[in-house]
Amino acid sequence: MRLRKAARVILVGAPGVGKGTQSERLLHRFPQLSSISSGDLLRHNVKQRTPLGIKVESTMKAGLLVPDDLILRLINNELNQRGWLYSSHPAGNVMTLASCAVETQSFSNDADMAAFISHPAHTRGYGSPSEDPSASFLLDGFPRTAAQAERLDETIPINMVVSLKTPLQVIMERISGRWVHEASGRVYNTTFNPPKVAGHDDVTGEPLVRRADDSEEVYRQRWKKFEETSEPLLEHYARKGVLWEVEGMSSDEITPKLMREFERRFAE
Ligand code: ADP
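Counting restarts for each chain, with residues numbered from 1 along the sequence as it is written. Selection of residues for local features in this predicted model requires a pLDDT of at least 70, selection of side-chain atom pairs for listing and counting requires 80 or more, and totals for whole chains, interfaces and linings are taken over all residues. With hydrogens and water excluded, all non-hydrogen atoms of the structure serve as input to the side-chain values.

A. A look at the overall build of the chain. Summing up its helical and strand segments, the chain has ten helices and seven strands in all. For the chain, the share of sequence-separated contacts (at least 6 apart) that also reach a separation of at least 24 residues comes to 75%. The Shrake-Rupley method, run with a 1.4 Å probe sphere, supplies the accessible areas, and residue values consider only the shown protein chains as cover. Of the roughly 14,100 Å² of accessible surface on the chain, 53% is carried by carbon and sulfur atoms. Working definition: helices are DSSP H or I runs of at least four residues, strands are E runs of at least two. Numbering for both runs from the N terminus. Two residues form a contact once any of their heavy atoms are found within 4.5 Å.

Following this line, the structure appears as structure tokens:
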């Protein structure tokens, strides 16, 4: 299905709510959408051993957030490279191909990165966003905080924020019913897709085990942390009038509602 205008979307949801599933389905149905993941961009820099990558590696390993300035410039740079940001130059909406050609997402040396970090976005030719449907994206992992959202609004305002909701109790039941076959990674659920023989893998007959992070206690902690950080983020977007909430007991229940709303807003 084709889009009639640019969709700039983020999905927000607690761990286990099925963000990945909904993203995949949206990308499949709307080929003009692409996904940009802050985690992937960072990991790419770490792998390439760029100065930025080296700088953020220990932070990422510790599971902490990398500084807003770095992550923001990384995202803006990516959007700019894709040609989705237009110049705010008085000459008009000219795509800044020349300026983005000198910027690469990976930094080959410290001087490049220092220059990249010390120049505010507007001096590097970032301006208003393209409204062309091809400039449509789902952001994954960014923004995570209200502060990041505010900064992102300065260059490329998000025009739909989907808050995915499933009751805590339902997710807990899903998790507590989950069993895995360690060797193959096959996953079963005593409620949705039980193994043929209880407690045993269908293919090998070997015993199934619980995943270490599938404990109720661990999950409750992750949920709490998510609620704390997502609340100000969702409030930020509610104030902007772009927040849309959808609730369902399963991904299959949520998908049709999400598709309907997405089509209403963006499809041809
Ligand atoms: P996870 O879902 O496990 O957090 P991600 O791939 O989204 O994995 O992110 C991996 C790491 O990259 C995070 O732990 C964090 O250090 C960094 N990171 C990703 N996105 C952001 C962001 N928006 N702000 C700050 N740090 C981020």
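B. Here's a closer look at the site of the ligand. Residues are labelled near a given molecule or strand when at least one of their non-hydrogen atoms is within 4 Å of it. Not every one of the 13 residues close to the ligand is listed here, only the nearest: Ser38, Leu64, Gly141, Arg144 and Gln148. One of the backbone nitrogen or oxygen atoms of Gly141 is found 2.9 Å away from a nitrogen atom of the ligand. Isolated, the ligand exposes 540 Å² of accessible area, and the fraction of that covered by the protein chains is 73%. Polar here means any residue other than Ala, Val, Leu, Ile, Met, Phe, Trp, Tyr, Cys and Pro, which are nonpolar, and Asp, Glu, Lys and Arg, which are charged; Gly is therefore polar. Class assignment for the residues of the shell around the ligand results in seven nonpolar, four polar and two charged. Here a polar contact is taken to be a pair of N or O atoms separated by no more than 3.5 Å, where protein atoms must pair a possible hydrogen donor with a possible acceptor and residues adjacent in sequence count only if both atoms sit in side chains.

C. Fine view of the environment of Ala149. Here Ala149 shows up in helix 7 (residues 146–155). For every residue, the accessible area (1.4 Å probe, protein chains only) is compared with the maximum for its type, and the residue is labelled buried under 20%, exposed over 50%, or partly exposed between those bounds. A relative accessible area of 0% means that Ala149 is categorised as buried. Measuring from C-alpha to C-alpha, the distance between Ala149 and Leu72 comes to 9.6 Å, with 77 residues separating the pair along the chain. When sequence neighbours within four positions are dropped, the list of residues in contact with Ala149 reads Pro143, Leu233, His236 and Tyr237.

D. Main features of the pattern of salt bridges. By definition here, a salt bridge exists when the distance from a side-chain nitrogen of Lys or Arg to a carboxyl oxygen of Asp or Glu is within 4 Å. Across all of its chains, the model carries 14 salt bridges by this definition. Here Glu57 ties to Lys61 by a salt bridge, and the two come within 3.6 Å at their closest N and O atoms. Of the two residues, Glu57 and Lys61 both sit in helix 3 (residues 51–61), four residues apart, roughly one turn of that helix. A salt bridge links Lys240 to Asp153; its shortest N-O distance comes to 3.8 Å. Note that Lys240 is positioned in helix 9 (residues 216–240) and Asp153 in helix 7, a separation of 87 residues in sequence. Within the structure, one salt-bridge network assembled from shared partners comprises Arg49, Glu57 and Lys61.

E. Representation of the pairing of strand 1 (residues 8–13) in the model. Of all six residues in strand 1, six are buried; the element is thus mostly enclosed. Neither face of strand 1 is exposed, since Arg8, Ile10 and Val12 on one face and Val9, Leu11 and Gly13 on the opposite face are all buried. Only strands joined by at least two bridges in the DSSP assignment are considered to pair. Alignment of strand 1 against strand 4 (residues 160–165), held across five bridges, turns out to be parallel. Considered in strand 4, the bridge of Val9 is made with Met160.

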